[in-house]
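Chain by chain, the residues run as shown.
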Amino acid sequence: MTTNTFILVLACDDRPGIVAQVTSELAALGANIAESSQFWDRGTNGFFMRIAFQAPEGVLRHDIERALQPAIDRFQMRVTLSEATRRPKVIILVSKFDHALLHLLYQIRVGWLHAEVVAIVSNHEDSRRTAELEAIPYHHWPVSKTNKAEQEEKLLGLVQETGADLVILARYMQVFSDTLSKRLYGKAINIHHSFLPSFKGAKPYHQAHERGVKLIGATAHYVTPDLDEGPIIEQETERVSHALTADDFVASGRDIESRVLARAVRLHLERRVMLNGHKTVVFS
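Residues numbered from 1 in each chain as written. Predicted model: local features only at pLDDT ≥ 70, side-chain atom pairs only at ≥ 80, totals over all residues. Heavy atoms only, no water.

## What to know about the packing of aromatic side chains
Reasoning step 1: Enumeration over the complete set of coordinates arrives at three aromatic pairs.
Reasoning step 2: Judged by centre distance (6.4 Å) and plane angle (25°), the rings of Phe39 and Phe48 are stacked.
Reasoning step 3: On the basis of relative accessibility, which here comes to 34%, the residue Phe39 falls in the partly exposed class.
Reasoning step 4: A relative accessible area of 3% means that Phe48 is categorised as buried.
Reasoning step 5: Relative to Phe176, the ring of Tyr172 lies with its centre 6.5 Å away and its plane at 65°, an arrangement referred to as edge-to-face. No difference in accessibility class separates Tyr172 from Phe176, as the two residues are buried. (Phe/Tyr/Trp six-rings, centres within 6.5 Å; stacked < 30°, edge-to-face > 60°. Buried < 20%, exposed > 50% of the residue type's maximum accessible area, 1.4 Å probe, protein only.)

## Details of the packing of helix 1 (residues 18-28) against helix 2 (residues 61-75)
Reasoning step 1: At a minimum axis separation of 9 Å, helix 1 and helix 2 run at an interaxial angle of 165°. Judged by the inter-axis angle, helix 1 sits roughly antiparallel to helix 2. Crossing of helix 1 against helix 2: the hand is right-handed. Side by side, helix 1 and helix 2 meet where Ile18, Gln21, Val22, Glu25 and Leu26 of the first sit next to Ile64, Ala67, Leu68, Pro70, Ala71, Arg74 and Phe75 of the second.
Reasoning step 2: Looking at the contact of helix 1 with helix 2, its residues break down into nine nonpolar, one polar and two charged. (Axes fitted to C-alpha atoms, helices over the stretch in contact; angles between N-to-C directions. Helix = DSSP H or I, 4+ residues; strand = E, 2+ residues; numbered from the N terminus. Parallel < 35°, antiparallel > 145°, perpendicular 65-115°, else oblique. Left-handed = near helix turned anticlockwise from the far one by under 90°. Contact = heavy atoms within 4.5 Å. Nonpolar A, V, L, I, M, F, W, Y, C, P; charged D, E, K, R; others polar.)

## Description of the nonpolar core
Reasoning step 1: Core analysis: the largest hydrophobic core is formed by 42 residues, its most contacted members being Ile92, Leu104 and Leu261.
Reasoning step 2: Looking at this core, the elements that each hand over two or more residues are strand 5 (89-94), helix 3 (99-109), strand 6 (116-122), strand 8 (166-169), strand 9 (188-193), helix 7 (204-210), strand 10 (215-222) and helix 8 (246-269).
Reasoning step 3: Looking at which element gives the most residues to this core, the answer is helix 8, with ten residues. (Core = buried A, V, L, I, M, F, W, Y, C linked by side-chain atoms within 4.5 Å.)

## Some remarks on the sheet that holds strand 5
Reasoning step 1: With mixed pairing, the seven strands of this open sheet are ordered in space as 7-6-5-8-9-10-11. The open sheet has two edge strands, strand 7 (138-140) and strand 11 (232-239), and neither has a second partner. This sheet shows a mean twist of 15° between the axes of neighbouring strands, independent of strand direction.
Reasoning step 2: Its contacts with the sheet put helix 8 on strand 5, strand 8, strand 9, strand 10 and strand 11, and the angle it makes with strand 11 is roughly 155°. (Pairing = 2+ DSSP bridges.)

## Topic: the side chain of Ser252
Reasoning step 1: Along the chain, Ser252 turns up in helix 8.
Reasoning step 2: Once residues within four sequence positions are removed from consideration, Ser252 is found in contact with Ile216 and Glu238.

## Observations concerning the environment of Arg74
Reasoning step 1: Along the polypeptide, Arg74 turns up in helix 2.
Reasoning step 2: Through-space distance from the C-alpha of Arg74 to that of Ile18 is 9.2 Å; in sequence the pair is 56 residues apart.
Reasoning step 3: Not counting residues within four places of it along the chain, the set of residues in contact with Arg74 comprises Arg15, Pro16 and Gln21.

Here it is as structure tokens:
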């Protein structure tokens, strides 16, 4: 029998009967649940759930939405229903450092990331050849104080034109304005180095080396008006020692940043990340 696979994510205040009603409605449609995860935040009484299920041939998205409407109304749910076979569209932003970009493109090529890159945007020309080799439209939009607002409007226009589901900042060394951050909230992921103590400005890995840091790492998070303080999706650290050079720190940092960003993107595209105030619920 031919089936369609869907992913349902929902959030609401926790009350008895949520799981029972949702799963009963899906069962009545003949759907088979392949994966189910749920979380109750005791501090806020928020309830979060992700269900991947297969629906029989002939059961379409609007049929599922209609069947779930009584549960949505009863529990005042925030719901997203998506087709798992659809390839989400992404726009990748990059500056001069292209390690995270190249890693994303490779993971998409080999099928580990299920996505379609509809554009690469950069404030430099360095990655144009990469885009050409991958047959991806490349947009060179230099950013300055005088044209920042204009370039951000062009990016929003590109998101709308391409129908992009996600904007990925793959070491894009420009800070979004508050307006752009708010308009792309929950739909833009950034990657940055992560140290204790924090090192800002130029050459952070060299600063870490000079201070004798023992752990380096990276953090992937949603973009917000607060620089590098958005809801965290994924992190990783790696132990380093006095025997390593500053260049060794940089090399390790490149690897960690690439891995963490790719994992965060995959979690988001598979609808495994749910915003919970300033935090996230991540169903791995």
